[in-house]
Protein chains: 4
Amino acid sequence: MGIQTRQLRDRERRRQQIIAASKRVFTSKGVSRTTIKDIADEAELSPGTLYIYFKNKDELYASLSIRMLKHLHLSLQRVKETKDLSDDQRIDSVKRALFELYEIDPLMLINLSHLQASETLENISPELYEQILELSRRSLQALSEIFTKGIELGNFLNRNPMQLAVVLWAMFSGLVLWEESKRSLDTRKNFLKPTLEIAFEIFGRGVKSGKPV
Amino acid sequence: MGIQTRQLRDRERRRQQIIAASKRVFTSKGVSRTTIKDIADEAELSPGTLYIYFKNKDELYASLSIRMLKHLHLSLQRVKETKDLSDDQRIDSVKRALFELYEIDPLMLINLSHLQASETLENISPELYEQILELSRRSLQALSEIFTKGIELGNFLNRNPMQLAVVLWAMFSGLVLWEESKRSLDTRKNFLKPTLEIAFEIFGRGVKSGKPV
Amino acid sequence: MGIQTRQLRDRERRRQQIIAASKRVFTSKGVSRTTIKDIADEAELSPGTLYIYFKNKDELYASLSIRMLKHLHLSLQRVKETKDLSDDQRIDSVKRALFELYEIDPLMLINLSHLQASETLENISPELYEQILELSRRSLQALSEIFTKGIELGNFLNRNPMQLAVVLWAMFSGLVLWEESKRSLDTRKNFLKPTLEIAFEIFGRGVKSGKPV
Amino acid sequence: MGIQTRQLRDRERRRQQIIAASKRVFTSKGVSRTTIKDIADEAELSPGTLYIYFKNKDELYASLSIRMLKHLHLSLQRVKETKDLSDDQRIDSVKRALFELYEIDPLMLINLSHLQASETLENISPELYEQILELSRRSLQALSEIFTKGIELGNFLNRNPMQLAVVLWAMFSGLVLWEESKRSLDTRKNFLKPTLEIAFEIFGRGVKSGKPV
DNA sequence: GATGAATGAGCGTTCATTCAT
DNA sequence: AATGAATGAACGCTCATTCAT
């Protein structure tokens, strides 16, 4: 491994270290109450160091979502490309992909949903903004293509597939935020999962073409 | 009308005047970039005066949603209590109630969804917190009772009606936030409406019992 | 006196209070080492208050010079308009005007010269910038008109009067900065005065038309 | 050439390389907006390396002037020592020496004038401080000796020659700073030259003894 | 009740400087 | 000698909140 490679790897490691610290602080203090100093302390770094790896606070926040978005895109892409799946199975795969996303890192998913709901994106560099947008776009695109297939086969309601994708995502992120808002009230875990199951059951049934009996 | 009554009425008027000013500023500057001073200027009052009517900034923000929550609760209550409606019609009425909510004041609905997604509620007085919670609870309760009816009649899937209510609300608020996040990208209006139509179509079909054909 | 008048007067008083505090701190710590906090402490105000009266640090610094520039302009205007003065007497009046300027407030004059020599002006509001520029322009204009008279009467060298004005001002401000730079070395006061006397003597003799004997 | 000599030469080379880079950055970004990192980048060195060659930022800034001061001193010394020159010719030679200084490197001359006008000198090592002071002193000394000659011959006004030297230098540096402050307003070049011509013409005429006709 | 000047803790950010490699 | 990541004190500035009038 060359020197350059190691440097790049070290750099990425530090970024991940900072991101990991951010998550921990977010969890304990809440996103809006977390300061750069808090994160620096948690990461056992100085505030200045954070600015070597992230252009500013908003970019740090936004960067937290990149990984998750990449994962999301990859998962949906995989579902889309898997052969020999019925449309039912495909919807089910989407459900499992989103479940998995949530299980890997619920906090980051909340953060991603927050991002969508805040004005953070308006304060980041065009490059990062474009990256986030592109990843979101591609994920929705993958989702919409799954619906397109089903529509073409006559299995799904003939509705704008992109809108179907948006509806599914809204339902998912809406539930994630809902759970987050309930966190302080009710610390029972595993609340999201059963509700998501029901949500997907309904969505899956509803998107199917044919009159319900 | 007694003096006290008039005083209360005046007080309420001022509150509404401040709330109205807040809305206007939020619309033009965005929520996170709006300061108390901005609102005071817009209301042609001094910052100090705002603190006579609202305990602090978060309470002001939270108060914005009270009216909307009351309206929401009332609408859903009405749907629940209307006699001689089929379950299909009832779902349709819920849809129209939420549409109406959005049309009356899209910004406040966004604010309500934000509220749910932010940490604002953690900084308000227990009284206001309880009020908001109670109104939310009641709205969801009304919604869940609508589902209970349908389930009892065998028209709806036999799932936990409160969870069904949460799913429906999550879908709705998720779409509202989604639209908000797209506002800077795409200024086309009336984007939410058609997507909500599809969302409700799918939900309505999905929640119906019976195998899809 | 109306309420508004008093408010305006109070506002101006506060500004002068802050400016006075700035001067004291500048004298003891040096301009470049003075922070907003230092000035606030000296003025027995909070840092935030300074920002009510001055848009930012650079504007505060630049504002220090406004008064001096106004005084300068007025003095030169007066010299220009005084009747029945020989050109020798007029040059002498200019000398006395600049002497006086220095004696009123040497520190502010140094500050004015610094301003010219720094990049502070690049960071202030266009309005203040224009005000400073306009006052400078007018002062130089007045000076140049004094020279124009002398040239027309054949008493002064026929050179571009604006350039003559610039030369005189450069000589003056150059000496002021020179003295400032010597302050740490040599605390003897009254060093500038005799040197300025010589400078004006030479300038006065040099600008006169006619071959020196 | 011994090893030590080469090492010294290499060291000096590096210093000059860094100084050259500083100049380029100052020109493009302005002195106050230039950071050590900027200079390091421009010099294709690391920030740490700069600290091997310069004790701190102020020393780097101050060092920029050393060369110019040496050149200035040399030039004035030469003028002083040149035989068979009339006093008029000697003043003219001083003018040409300063012109030349400006033409070689206007930016460094500005920097030298800034140095005099700032508090940089208060933060440097006593050695460097002494060196700069000594060079300044010697230059002024040379200048004053030129005046002494003229005074002794009865050609110049019998004034303190050191003060005459200071007046001449103040006029010169005042004009240099004046031009610098006009740079952003008026990009016409060659503005300084004609004004300096007039300045020297006036100084030359003014310093001459004898009543003007 | 209404004011709005004043507050000041706290923020994000910078950058000269250091030091382990 | 050269590096450059890391430092962390210090900065300018904001703004929710208070309180004397």
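Residues numbered from 1 in each chain as written. Chains lettered and ligands numbered in written order. Predicted model: local features only at pLDDT ≥ 70, side-chain atom pairs only at ≥ 80, totals over all residues. Heavy atoms only, no water.

**Details of the protein's contact with DNA strand F**
Taken together, 28 residues sit near DNA strand F, with Arg14, Thr49 and Tyr53 of chain A, Lys57 of chain C together with Tyr53 of chain D positioned nearest. The protein-proximal atoms of DNA strand F, defined as those within 4 Å of the protein, are 67% sugar or phosphate. At 2.5 Å, a side-chain N or O of threonine 49 of chain A approaches a phosphate oxygen of DNA strand F. Between DNA strand F and serine 46 of chain D there is a distance of 3.1 Å, counted from a base nitrogen to a side-chain nitrogen or oxygen. (Near = heavy atom within 4 Å. Polar contact = N/O pair within 3.5 Å; in protein donor to acceptor, adjacent residues only side chain to side chain.)

**A short note on the interface of chain B and chain A**
A common way to state how big an interface is: give the accessible area lost once the parts meet. In this assembly, 46 residues from chain B lie in contact with 46 residues from chain A. Contact between chain B and chain A buries roughly 4300 Å² in total, counting both sides, with carbon and sulfur atoms accounting for 63%. With a closest N to O distance of 2.4 Å, arginine 159 of chain B and glutamate 201 of chain A form a salt bridge. Summed over the shared surface of chain B and chain A, the number is 14 residue pairs in polar contact (both at pLDDT 80 or more). Of all elements in the fold, only helix 6 (106-117), helix 7 (126-152), helix 8 (161-182) and helix 9 (192-207) of chain B reach the threshold of two or more residues within the side of chain B that touches chain A. It is helix 8 of chain B that provides the largest number of residues to the side of chain B that touches chain A, a total of 12 residues. Considering only residue class, the side of chain B that touches chain A consists of 24 nonpolar, 14 polar and eight charged. (Contact = heavy atoms within 4.5 Å. Buried area = accessible area lost by both parts, 1.4 Å probe. Salt bridge = Lys/Arg side-chain N within 4 Å of Asp/Glu carboxyl O. Helix = DSSP H or I, 4+ residues; strand = E, 2+ residues; numbered from the N terminus. Nonpolar A, V, L, I, M, F, W, Y, C, P; charged D, E, K, R; others polar.)

**So, unusual backbone geometry**
Notably, aspartate 84 of chain B is not glycine yet its phi reads approximately 55°, a positive angle. Mapped onto the elements, aspartate 84 of chain B comes out in the loop between helix 4 (57-81) and helix 5 (87-104).

**Some words on the relation of the copies chain B and chain A**
A rotation about some axis, followed by a shift along it, carries one copy of the chain onto the other. Relative to chain A, chain B is turned by 178° and slid 0.1 Å along the rotation axis, the superposed coordinates differing by an RMSD of 0.3 Å. These values place the two chain copies in the arrangement generated by a two-fold rotation axis. Both copies contact each other with a shared surface, as 100% of the interface residues of chain B are interface residues in chain A too. (Least-squares fit on C-alpha atoms with pLDDT ≥ 70 in both.)

**Quick notes on the environment of valine 167 of chain C**
Secondary-structure assignment places valine 167 of chain C in helix 8 (residues 161-182). Sequence separation of valine 167 of chain C and serine 125 of chain C is 42 residues, and the distance between their C-alpha atoms is 29 Å. Ignoring anything within four residues of it in the chain, the contact list for valine 167 of chain C reads Phe203 of chain C together with Met171, Leu175, Thr195 and Ala199 of chain D.

**A few points about the domain arrangement of chain A**
All names here are of chain A. For chain A, the assigned domains read domain 1 (1-54) and domain 2 (64-207). Here domain 1 and domain 2 have C-alpha centroids that lie 27 Å from each other. Taken together, the contact between domain 1 and domain 2 spans seven residues of the former and seven residues of the latter. Of the roughly 630 Å² buried between domain 1 and domain 2, counting both surfaces, carbon and sulfur atoms make up 64%. Counting the surface domain 1 buries against domain 2, the share from its top three residues, Lys23, Phe26 and Thr27, is 59%. Residue aspartate 105 is joined to lysine 23 by a salt bridge in which the shortest nitrogen-to-oxygen separation is 2.6 Å. The interface formed by domain 1 and domain 2 holds one residue pair in polar contact (both at pLDDT 80 or more) in total. Taken together, the residues that form the side of domain 1 that touches domain 2 break down as three nonpolar, three polar and one charged. (Domains from an automatic or database assignment.)

**Some points on the packing of helix 8 (residues 161-182) of chain A against helix 8 of chain B**
With their axes 7 Å apart at the nearest point, helix 8 of chain A and helix 8 of chain B run at an angle of 110° to one another. With respect to helix 8 of chain B, the axis of helix 8 of chain A lies roughly perpendicular. Together, Val166, Val167, Trp169, Ala170, Met171, Gly174, Leu175, Leu177 and Trp178 of chain A of helix 8 of chain A and Val166, Val167, Trp169, Ala170, Met171, Gly174, Leu175, Leu177 and Trp178 of chain B of helix 8 of chain B make up the contact between the two elements. Residues belonging to the contact of helix 8 of chain A with helix 8 of chain B are distributed by class as follows: 16 nonpolar, two polar and no charged. (Axes fitted to C-alpha atoms, helices over the stretch in contact; angles between N-to-C directions. Parallel < 35°, antiparallel > 145°, perpendicular 65-115°, else oblique.)

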